[in-house]
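Residue-level listing of the chains:
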Amino acid sequence: MIALSFLGLGKFDKSTNSYNYNLTKYKFHDQIIETDHFPYAVSQFVKPDKLFIIMTDKAKEQHYDKLKKLCQFEEILIPDGKTEDEFWIIFDKITSVINESDKVLFDITHGFRSQPFIVIVLLLYLKALKNIKINNIIYGAFEAKDDNGISPVFELNSFVDLIEWSNAVREFTENGNMKHFKSLLGDIHRNTYLNKLPKPSKQLLGIGKDLEELTDAFDTIR
């Protein structure tokens, strides 16, 4: 699995004349990591085979040396994203490091402004083009820390799944094609076993097969 994480500037500290992130304890499942750089927490939480950190030249100048002492990563240098052309450069640079059928985790914690939106579009594009598997999209919610000073890490993968279900609904309403539903139901079925849920799926594969057969019947009638 590969992980991609954004790194911005952080807040400007007048006393040190530098940009920094606040130190906090991040909790992901049953793990807690204390750090001011969330990409380091990513490296510890998920132990990726390779970690890419997406940063601008200014972010690199401020944080690169400290992060390099904490974890191993490869940098992806991007422009600031001030124009449409720069958005396409960001899109191409990230796409270039993701290969066919890669398992990918995206961290958008330090993503700047529209960067998280670019990630969502990018993931949908790569799912179709390179058949990637989106393991997760995570966000370290610094502002949501509890009374013990622990910040939760939110898992946002379900929002990408929602877009996939929306596409399946559109295919059905426009063409009577329910094979996309079959694929999505199959994913849910398998995940209940892979994640060892207390009540694994018993019927979703059968429902998916029925939907596929119904689609084939529609095609035959046409």
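Computed from a predicted model, the values in this text were never measured in an experiment.

### Notes on the sheet that holds strand β9 (residues 133–140)
As summarised here, the arrangement of the 8 strands in space is β5-β4-β10-β9-β8-β1-β6-β7, forming an open sheet in which the pairing is mixed. Edge strands, defined here as strands with exactly one partner in the open sheet, are β5 (31–35) and β7 (74–77). The average undirected angle you get between the axes of adjacent strands in this sheet is 25 degrees. Running over the sheet, helix α5 (residues 157–175) touches β9 and β10 (150–155) and is turned about 135 degrees from β9.

### Looking at the side chain of H37
Within the secondary structure, H37 is located in the loop between β5 and α1 (38–45). Polar side-chain contacts of H37 include one of 3.0 Å to the side chain of H63.

### Section: the environment of F142
Within the secondary structure layout, F142 lies in the loop between β9 and β10. Note: C-alpha distance between F142 and L105 (37 residues apart in sequence) is 19 Å. Among residues more than four places away in sequence, those in contact with F142 are N22, L23, T24, Y26 and S151.

### Observations concerning a nonpolar patch on the surface
On the surface, a nonpolar cluster with roughly 370 Å² of combined accessible area is contributed by F172, L214, F218 and I221. Among the elements that line the nonpolar patch, the one with the most residues is helix α7 (residues 204–221), at 3 residues. When you line up the elements, L214 lands in helix α7. By relative accessible area, L214 is classed as partly exposed at 38%.

### A few points about the packing of helix α3 (residues 84–95) against helix α4 (residues 115–129)
Axis separation between α3 and α4 bottoms out at 11 Å; the angle between their running directions is 50 degrees. Compared by their axis directions, α3 and α4 come out oblique. The handedness of the crossing between α3 and α4 comes out as right-handed. Contacts between α3 and α4 involve F87, F91, I94 and T95 on the former and, on the latter, I118, V121, L122, Y125 and L126. Residue composition of the contact of α3 with α4, grouped by class: 8 nonpolar, 1 polar and no charged.

### Things to note about the packing of aromatic side chains
One pass over the full model with this rule turns up 6 aromatic pairs. Here Y26 and F38 contribute two aromatic rings whose centre-to-centre distance is 4.7 Å and whose plane-to-plane angle is 75 degrees, an arrangement assigned as edge-to-face. A residue pair is termed long-range when its members are at least 10 positions apart, and Y26 in strand β4 (residues 24–28) and F38 in helix α1 qualify at 12 residues. Note on F38: relative accessible area 0%, which makes it buried. Connected via pairs of aromatic rings, a cluster forms that spans Y26, F28, F38 and F45. Over the aromatic face of Y64 sits the side chain of K60, whose NZ or CZ is 5.1 Å from the ring centroid. In this structure, K68 is placed above the aromatic ring of F73, and the distance from its NZ or CZ to the ring centre is 4.3 Å.

What counts as what
- Residues numbered from 1 in each chain as written.
- Predicted model: local features only at pLDDT ≥ 70, side-chain atom pairs only at ≥ 80, totals over all residues.
- Heavy atoms only, no water.
- Pairing = 2+ DSSP bridges.
- Helix = DSSP H or I, 4+ residues; strand = E, 2+ residues; numbered from the N terminus.
- Axes fitted to C-alpha atoms, helices over the stretch in contact; angles between N-to-C directions.
- Contact = heavy atoms within 4.5 Å.
- Polar contact = N/O pair within 3.5 Å; in protein donor to acceptor, adjacent residues only side chain to side chain.
- Patch = residues over 30% accessible without salt bridge, like charges linked within 9 Å, V, L, I, M, F, W, Y side chains within 5 Å.
- Areas by Shrake-Rupley, 256 points an atom, 1.4 Å probe, with all protein chains shown as cover.
- Salt bridge = Lys/Arg side-chain N within 4 Å of Asp/Glu carboxyl O.
- Buried < 20%, exposed > 50% of the residue type's maximum accessible area, 1.4 Å probe, protein only.
- Parallel < 35°, antiparallel > 145°, perpendicular 65-115°, else oblique.
- Left-handed = near helix turned anticlockwise from the far one by under 90°.
- Nonpolar A, V, L, I, M, F, W, Y, C, P; charged D, E, K, R; others polar.
- Phe/Tyr/Trp six-rings, centres within 6.5 Å; stacked < 30°, edge-to-face > 60°.
- Lys NZ or Arg CZ within 6 Å of the ring centre and 35° of its normal.

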